[in-house]
Amino acid sequence: MAETITHSYLENTGRYKGILAWLTSTDHKRIGLMYMYAMMVFFIVGVLLGELMRLELFRPGQQFYSAQTYNGIFTIHGIIMIFTVVIPGLAAVFGNFCMPLLIGARDVAFPRLNLFSWYLYILGAAIALSSQFLGNGPPDTGWTFYAPYSIQTHTNVVAAVFGAFVLGFSSILTGLNFIVTIHRLRAAGMTFFRMPLFPWSLYATAWIQVLATPIVGITLLMVIAERWLRIGFFDPSLGGDPILYQHLFWIYSHPAVYIMILPAMGVITEIIPTFAQRRVFGYKAIALSSLAIALVGYFVWAHHMYTSGMSITARWVFSLLTFLVAVPSAIKVFNWVTTMYKGSISVKPPFLFALGFIFLFMIGGLTGLSLGSLATDIHVHDTSYVVAHFHYIIFGGVGFAFFAALHYWYPKMYGRMYNFRRANIAFGFLFVGFNLLYFPQFVIGIMGMPRRYFDYLPQFTLGHQLSTIGGFILLIGIIIMLVNLFSKKGVKAPDNPWGGKTLEWTIPSPPPVENFDELPVITGEPYYFE
Amino acid sequence: MEMNRDDEGAKLGMWIFIFTEILLFGGLFLVYAVMRNRYSDEFHQAAHQLNAFIGTVNTVVLLLSSATVAMSITAVRKGEKRKGVLFILITLLCAGVFLINKYFEWGHKLSIGLYPGSEMMVGLKHGYILFFSLYFFMTGLHVLHLIAGSIILTIIMVRIQIGSINAGNNVLLENGGLYWHLVDLIWIFLFPLLYLIT
Amino acid sequence: MTHTESHITDYRVYGWVLLALLVLTTITITVTWIDLSALTVLVALIIASVKSFIVLRYFMHLKFESRLFTVFFVMVLGIYLLVIVLTFFDYLLR
Ligand code: HEM
Ligand SMILES: [Cu+2]
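Residues numbered from 1 in each chain as written. Chains lettered and ligands numbered in written order. Predicted model: local features only at pLDDT ≥ 70, side-chain atom pairs only at ≥ 80, totals over all residues. Heavy atoms only, no water.

**Description of the overall build of chain A**
Part 1 of the reasoning: A count of helices and strands for chain A gives 16 helices and zero strands.
Part 2 of the reasoning: Rg of the C-alpha trace for chain A: 23 Å, near the compact-globule value of 24 Å for 530 residues, within the 12% margin.
Part 3 of the reasoning: A principal-axis box enclosing the C-alpha atoms of chain A has dimensions of 65 × 50 × 45 Å.
Part 4 of the reasoning: Taking all contacts inside chain A whose residues are at least 6 apart in sequence as the whole, residues at least 24 apart take part in 81%. (Helix = DSSP H or I, 4+ residues; strand = E, 2+ residues; numbered from the N terminus. Rg over C-alpha atoms; globule rule 2.2 N^0.38 Å. Contact = heavy atoms within 4.5 Å.)

**Here we look at the packing of helix 12 (residues 349-372) of chain A against helix 14 (residues 384-414) of chain A**
All names here are of chain A.
Part 1 of the reasoning: With their axes 8 Å apart at the nearest point, helix 12 and helix 14 run at an angle of 160° to one another. It follows that helix 12 is roughly antiparallel to helix 14 by the angle criterion. Crossing angle aside, the handedness with which helix 12 passes helix 14 is left-handed.
Part 2 of the reasoning: Looking at the contact of helix 12 with helix 14, its residues break down into 18 nonpolar, nine polar and no charged. (Axes fitted to C-alpha atoms, helices over the stretch in contact; angles between N-to-C directions. Parallel < 35°, antiparallel > 145°, perpendicular 65-115°, else oblique. Left-handed = near helix turned anticlockwise from the far one by under 90°. Nonpolar A, V, L, I, M, F, W, Y, C, P; charged D, E, K, R; others polar.)

**Examining the site of ligand 1**
Residue and element names in this part refer to chain A.
Part 1 of the reasoning: Taken together, 25 residues surround ligand 1, and among them Tyr 70, His 77, Trp 143, His 391 and Arg 452 come closest.
Part 2 of the reasoning: A distance of 2.5 Å is found between an oxygen atom of ligand 1 and a side-chain nitrogen or oxygen belonging to Tyr 70.
Part 3 of the reasoning: Note that a nitrogen atom of ligand 1 is positioned 2.7 Å from one of the side-chain N or O atoms of His 391.
Part 4 of the reasoning: For the shell around ligand 1, the secondary structure elements donating two or more residues are helix 2 (28-56), helix 3 (67-86), helix 14 and helix 15 (420-447).
Part 5 of the reasoning: Grouping the amino acids of the shell around ligand 1 by side-chain chemistry returns 17 nonpolar, four polar and four charged. (Near = heavy atom within 4 Å. Polar contact = N/O pair within 3.5 Å; in protein donor to acceptor, adjacent residues only side chain to side chain.)

**Details of the confidence of the model for chain B**
Part 1 of the reasoning: Residues with a pLDDT of 70 or more make up 98% of chain B, whose mean pLDDT is 94.
Part 2 of the reasoning: Scored as a whole, the predicted complex attains pTM 0.95, and scored at its interfaces, ipTM 0.95. (pLDDT = per-residue confidence, 0-100.)

**Examining the side chain of His 464 of chain A**
Residues and elements named next belong to chain A.
Part 1 of the reasoning: Looking at the secondary structure, you find His 464 in helix 16 (residues 461-486).
Part 2 of the reasoning: Taking the relative accessible area as the measure of exposure, His 464 reaches 3% and is therefore buried.
Part 3 of the reasoning: Apart from residues lying up to four places away in sequence, His 464 is in contact with Arg 54, Leu 57, Ile 444, Met 449 and Tyr 456. (Buried < 20%, exposed > 50% of the residue type's maximum accessible area, 1.4 Å probe, protein only.)

**Digging into the coordination of the copper ion (ligand 2)**
All names here are of chain A.
Part 1 of the reasoning: Of the protein atoms, only His 254 (ND1), His 303 (NE2) and His 304 (NE2) coordinate the copper ion (ligand 2), at distances of 1.7 to 2.0 Å.
Part 2 of the reasoning: Counting residues between consecutive donors of the copper ion (ligand 2) along the chain gives the motif H-x48-H-H. With His 254 in helix 9 (residues 242-276) and His 303 in the loop between helix 10 (283-296) and helix 11 (312-340), this pair connects stretches of sequence that are 49 residues apart. For the residue pair His 254 and His 303, the accessibility class agrees, reading buried in each case. (Donors = N, O, S within 2.8 Å, 3.2 Å for Na, K, Ca; no water.)

**Things to note about the interface of chain B and chain C**
Part 1 of the reasoning: Across the contact, 50 residues belong to chain B and 43 residues belong to chain C.
Part 2 of the reasoning: Counting each side, the surface lost to burial between chain B and chain C is near 4200 Å², with a carbon and sulfur contribution of 74%.
Part 3 of the reasoning: On inspection of chain B and its partner chain C, the count reaches one salt bridge.
Part 4 of the reasoning: A salt bridge links Glu 65 of chain C to Lys 11 of chain B; the nearest nitrogen and oxygen atoms lie 3.2 Å apart.
Part 5 of the reasoning: Between the two partners, chain B and chain C, sit six residue pairs in polar contact (both at pLDDT 80 or more). (Buried area = accessible area lost by both parts, 1.4 Å probe. Salt bridge = Lys/Arg side-chain N within 4 Å of Asp/Glu carboxyl O.)

**So, the nonpolar core**
Part 1 of the reasoning: Counting residues in each nonpolar core, the largest one holds 293 residues, and the members touching the most others are Phe 94, Phe 233, Phe 357 and Trp 409 of chain A together with Trp 15 of chain B.
Part 2 of the reasoning: With 21 residues, helix 9 of chain A is the largest single contributor of residues to this core.
Part 3 of the reasoning: Ignoring sequence-local partners within four residues, the contact set of Trp 409 of chain A consists of Phe 94, Cys 98, Leu 102, Phe 198, Val 267, Glu 270, Glu 504 and Trp 505 of chain A. (Core = buried A, V, L, I, M, F, W, Y, C linked by side-chain atoms within 4.5 Å.)

**Quick look at helix 12 of chain A**
Part 1 of the reasoning: Counted at 1.5 Å a residue, the expected span for helix 12 of chain A with its 24 residues is 34 Å, and the 34 Å between its end C-alpha atoms agrees.
Part 2 of the reasoning: For helix 12 of chain A, the buried fraction is high: 17 of the 24 residues fall into the buried class. (Expected span 1.5 Å × (residues − 1).)

**Looking at the interface of chain B and chain A**
Part 1 of the reasoning: Taken together, the contacts link 33 residues of chain B with 35 residues of chain A.
Part 2 of the reasoning: Taken together, the two surfaces of chain B and chain A that pack against each other cover about 2900 Å², and 79% of this comes from carbon and sulfur.
Part 3 of the reasoning: Taken together, chain B and chain A are joined by two salt bridges.
Part 4 of the reasoning: One salt bridge connects Asp 241 of chain A with Arg 38 of chain B, and the closest N-O pair in it is separated by 3.4 Å.
Part 5 of the reasoning: Between the two partners, chain B and chain A, sit six residue pairs in polar contact (both at pLDDT 80 or more).
Part 6 of the reasoning: If you list the elements that add at least two residues to the side of chain B that touches chain A, you get helix 1 (7-38) and helix 6 (126-162) of chain B.
Part 7 of the reasoning: Examining the composition of the side of chain B that touches chain A, we find that 18 residues originate from one element, helix 1 of chain B, more than from any other.

**Details of the packing of helix 4 (residues 89-102) of chain A against helix 9 of chain A**
All names here are of chain A.
Part 1 of the reasoning: Following both chains from N to C, one finds helix 4 and helix 9 inclined at 45°, their axes separated by 10 Å at the closest point. Relative to helix 9, helix 4 is oriented oblique. As for how helix 4 packs across helix 9, the hand of that crossing is left-handed. Residues Leu 90, Ala 91 and Leu 102 of helix 4 lie in contact with helix 9, whose contacting residues are Met 260, Pro 263, Ala 264, Val 267 and Glu 270.
Part 2 of the reasoning: Its residues assigned to classes, the contact of helix 4 with helix 9 shows seven nonpolar, no polar and one charged.

**With respect to the environment of Gly 232 of chain A**
Part 1 of the reasoning: Its place among the elements puts Gly 232 of chain A in the loop between helix 8 (197-229) and helix 9.
Part 2 of the reasoning: Sequence separation between Gly 232 of chain A and Ala 330 of chain A is 98 residues; the distance between their C-alpha atoms is 42 Å.
Part 3 of the reasoning: Setting aside residues no more than four positions away along its own chain, Gly 232 of chain A makes contact with Glu 226, Leu 238, Gly 239 and Gly 240 of chain A together with Leu 130 of chain B.

**Quick notes on helix 9 of chain A**
All names here are of chain A.
Part 1 of the reasoning: For helix 9, built from 35 residues, the straight-helix expectation of 51 Å at 1.5 Å per residue is met to within 8% by its first-to-last C-alpha distance of 51 Å.
Part 2 of the reasoning: Taking burial as the measure, the 35 residues of helix 9 include 34 buried ones, the bulk of the element.
Part 3 of the reasoning: Two residues or fewer after helix 9 comes Gln 277, characterised by a positive phi angle close to 50°.

**Side note on the coordination of the iron atom of ligand 1**
All names here are of chain A.
Part 1 of the reasoning: Bound to the iron atom of ligand 1 on the protein side are His 77 (NE2) and His 391 (NE2), at distances that span 2.0 to 2.1 Å.
Part 2 of the reasoning: Classification of the site at the iron atom of ligand 1 rests on its six donor atoms, whose angles at the metal span 84 to 179°, yielding the label octahedral. A residue pair is termed long-range when its members are at least 10 positions apart, and His 77 in helix 3 and His 391 in helix 14 qualify at 314 residues.
Part 3 of the reasoning: A relative accessible area of 14% places His 391 in the buried class. (Tetrahedral: all angles 85-135°; square planar, octahedral: opposite > 155°, others 65-115°.)

Shown next as structure tokens:
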């Protein structure tokens, strides 16, 4: 063991060589990277599908392909982006890579289970993607699989649904692993309130993964049973209730939004203090607000269903609850901003992306309030206002946080630096492109442009054209960023390039196989800048 | 790589897994609640079709099997290996009885054409369709868990026999037992909600 | 990581627990012969909950485990029940 400790985790010292050494590795750092590579492939596919839709929408009327093709594309775009990119998201990549480092552990609690989760993830993604090529054509239900259409359409819904089920299982096992890891493997002296805030957010996330995912799991099985056996739970012609499907679906899928965003908030909370060289303002408030979001987030699901025909009472009850969940989110934003106040800020790429996150997340969050409020939602429900809103949250929020985390921990992951200037340029393109892509959709949404439509009235043309142009500026940004990071090796990174105070910066870059020569003993709070 | 054994962590992991299972069935119980609320009379009538006697026998059998699993933990911890194996064997026998009963129960329904998707079923009143659909879906999923549990217990039994589960190291047995009790726990709710609402 | 001495329950305890569970099963069955109309479900659920409580506490050893497990269990149950209540805000008030 003393011998392996000196080797970086990137070197192969075991029985296998090359790619096999990765595919059989239970090292949390390698598994994190394996998630990342797979996710990047899916992300790029998803982005290209998005651009394909933007091209079709450049002008009213049919341009390149049929309406049915458009239905298929937005469905698989949504499935890929939600189930294979942002739900595993930051937790699977940076949670795996960094969480044991941040809490001073050698690995997660169940390393083999961790590898198994990765295989389930790949399997689930493969099954979901097979829906495009097998059966009666790509599913056209949207990623939400609403009944009764999902039980009537002849397209290959079953494969997509079953793929999502397997992906959910993978997500559950990761969550389980993280909860046990955080409970059992924290370094000596690291009480819960001495734990850094990224692990805190992962802890809250893990509970949502564990407690919400089973509901969608069983719901998806019911959809399959509806299609094969006509069990009738959601089929009104057999006495079932399609709205019940929506309840079950959103009981998971709203909390799933927090599965995506909480780890994102977590990394932002790591990045801001490092680059402001100030201790986090309101440490406990941030930590506990993660739990509060997780808990309250469980009880707001029906704000997606104001127009479904559910009872009036339920509508205002859920509207009220939705406003409650905005409180802990806002607490975090205020605390980030306050942390920066009077700090000695150095604007490096990770910090820039973090600022981008705060800005975009705030737009997403504020427009979310108008969607949570009953009266206004009825006006904009199922319009492109909603499309803009959730892209601001999941792409502007989760996506930019992902990029921020990548630029922040990249030196630790690979032991190399990257070119700052090009990273900043990439950020510029991403930021401008993003806003140009989605902001117009708020406007045409309010004007009445429906969501999931492949054609539109002439008055929406300008909005759509700006949007498409923005889409391609964004694409350029993504390409610059990835080329900058992955095309050639940068200079060797020091152990602590940013002057961070958490444990991962106390060990070499890249970290050795078992992380710590000697497990650290914690005697104080995690962010002791002065 | 040297690994420290952490029984407490293993048990915590198992409990979390059990929570996910409870919520998996929880989704179905929610559907049940909604549908029962909507079609309460038809549910009562449809339940007459179920064989409460078989249901009762299966309840007793499962309770017994739960007790014996628990006892085998006691046995193994006391170092009484033979007894430990024997108790699990009884559990597995109970599982066998449960499955045989289920076979006859379902076999009868299938033979009269009462199963999801059958022509007869689709022609029934809505409340009946939903009751029987729920019955098949819930007991079906439960049986799958019972089979999975039996496989796990069989492995555990072998490992007690060869001594890799013993008085000093038995968290696997404990976790297997937890899973088995979960199967029992779910049945405790399924039984009255499906068989006893006539 | 400490390996704590695990608790050993006496066989007889399990015997009594089994007996209690069987008695409760008998009660559930017999009450169905009495017509309680709307209360039937409630009674059935209460008895099932008592049975579950016993199973959890003794067979599943919650009584002897760290309090944390019980806290988690109660939390999960609470969340689940609240979800049901909220769903019925829709179904009962349509
Ligand atoms: C360059 C990037 C992207 C572009 C150009 C893009 C574009 C689009 C378009 C045009 C739609 C269809 C809107 C409609 O017709 O109603 C859509 C839907 C959607 N997008 Fe994106 N998107 C991008 C990135 C993302 C990302 C990063 C995510 C999530 C992480 C995402 C998640 C979704 C979801 C969930 C839907 C809804 C699908 C449905 O209606 O079933 N998108 N996107
Ligand atoms: Cu929501």
